[in-house]
Amino acid sequence: MKLDFKTDGGIGTHANLGVIVLEADETLEDEFRRIIPRAGVALYVSRIKMAPTISADTLVQMEADLPFSASLFPEIRFDAIGFGCTSAATFIGPAKVAEAIISVCPGAQVSNPLSAIISAGTALGVRRIGVVTPYVADVSAQMCQMLRQAGFEISGFGSFEAADDRVVARISPDSILSAIKEVAAKAPCDAVIVSCTNLRCLDVITTAEELLGIPIITSNQALAWTMLRLSGIYTKRPEFGQLFAI
């Protein structure tokens, strides 16, 4: 017996979001699904190959693979697509990231964690920032240069200097909280930025904000915030930090 059926608009009645996640990333998907409201907002994930060792060379290599990763998304209209790698976006450049994704998903608005962090800092009105990264020296230096070019003054900096992204995923939230406090203590700052989508930051944001009295901006938090707003969704989620309270 053939059964009758009807079709509807699918899951994303309010918005369809896509995010391209690094092969070794264990954190972004979990944090995104906690941040993004479920009803009517669909989240689709694709992956991109990456060498385990993080360096300028391995980061730039991902540019050529972005169109293929974007092609694995469902053939639907996307409101926003994010490339989930702060360091790769820094080396490839936000414009080239967007160009590669739009070549396969025309009409989607594209963001990345670096651009999202800059937008978040601007929205919060911060100028002096502390910066925490897990990166080796040359990767951290390039990101700090991009932040300075965006108009921020870096008052304190610290890095875990972990070259293996599989190790980054296992850095404990307590270690991240301690790093935030240590960097903030170096000099007065308006906010602390924690870079890298593979760092498990979500559960320490509000604790750090309460201890320090300043906003904490993280890669996943800022990217989710930006993508939701690009899609016209302005839900306040203060449990995920001061950024989500504006």
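Everything below is about the structure shown above.
Figured I'd write up the structure that's included with this text. (Residues numbered from 1 in each chain as written. Predicted model: local features only at pLDDT ≥ 70, side-chain atom pairs only at ≥ 80, totals over all residues. Heavy atoms only, no water.)

**Comments concerning the side chain of Thr27**
- Looking at the secondary structure, you find Thr27 in the loop between β1 (15–22) and α1 (28–35).
- For Thr27, the residues in contact, after removing those within four places along its chain, are Thr197, Asn198, Leu199, Arg200 and Asn220. (Helix = DSSP H or I, 4+ residues; strand = E, 2+ residues; numbered from the N terminus. Contact = heavy atoms within 4.5 Å.)

**Some words on the nonpolar core**
- Leu17, Met62, Phe83, Leu147, Val192 and Val194 are the most contacted members of the largest nonpolar core, which has 83 residues in total.
- For Val194, the contacting residues outside a window of four places in its chain are Val132, Ile176, Ile180, Leu199, Cys201, Ile216, Ile217, Thr218 and Ser219. (Core = buried A, V, L, I, M, F, W, Y, C linked by side-chain atoms within 4.5 Å. Buried < 20%, exposed > 50% of the residue type's maximum accessible area, 1.4 Å probe, protein only.)

**Points about the sheet that holds strand β7 (residues 191–194)**
- Ordered in space as β6-β5-β7-β8, the four strands form an open sheet in which the pairing is parallel. Two strands lie at the open edges of the sheet, namely β6 (153–159) and β8 (216–218), each paired on one side alone. Between one strand axis and the next, the sheet turns by 20 degrees as a mean value, whatever way the strands run.
- Pairing between β7 and β8: three bridges, direction parallel. What sits directly across from Val192, in β8, is Ile216.
- Contacts from helix α7 (residues 137–149) reach β5 (128–133), β6 and β7, with the element oriented near 160 degrees to β6. (Pairing = 2+ DSSP bridges. Axes fitted to C-alpha atoms, helices over the stretch in contact; angles between N-to-C directions.)

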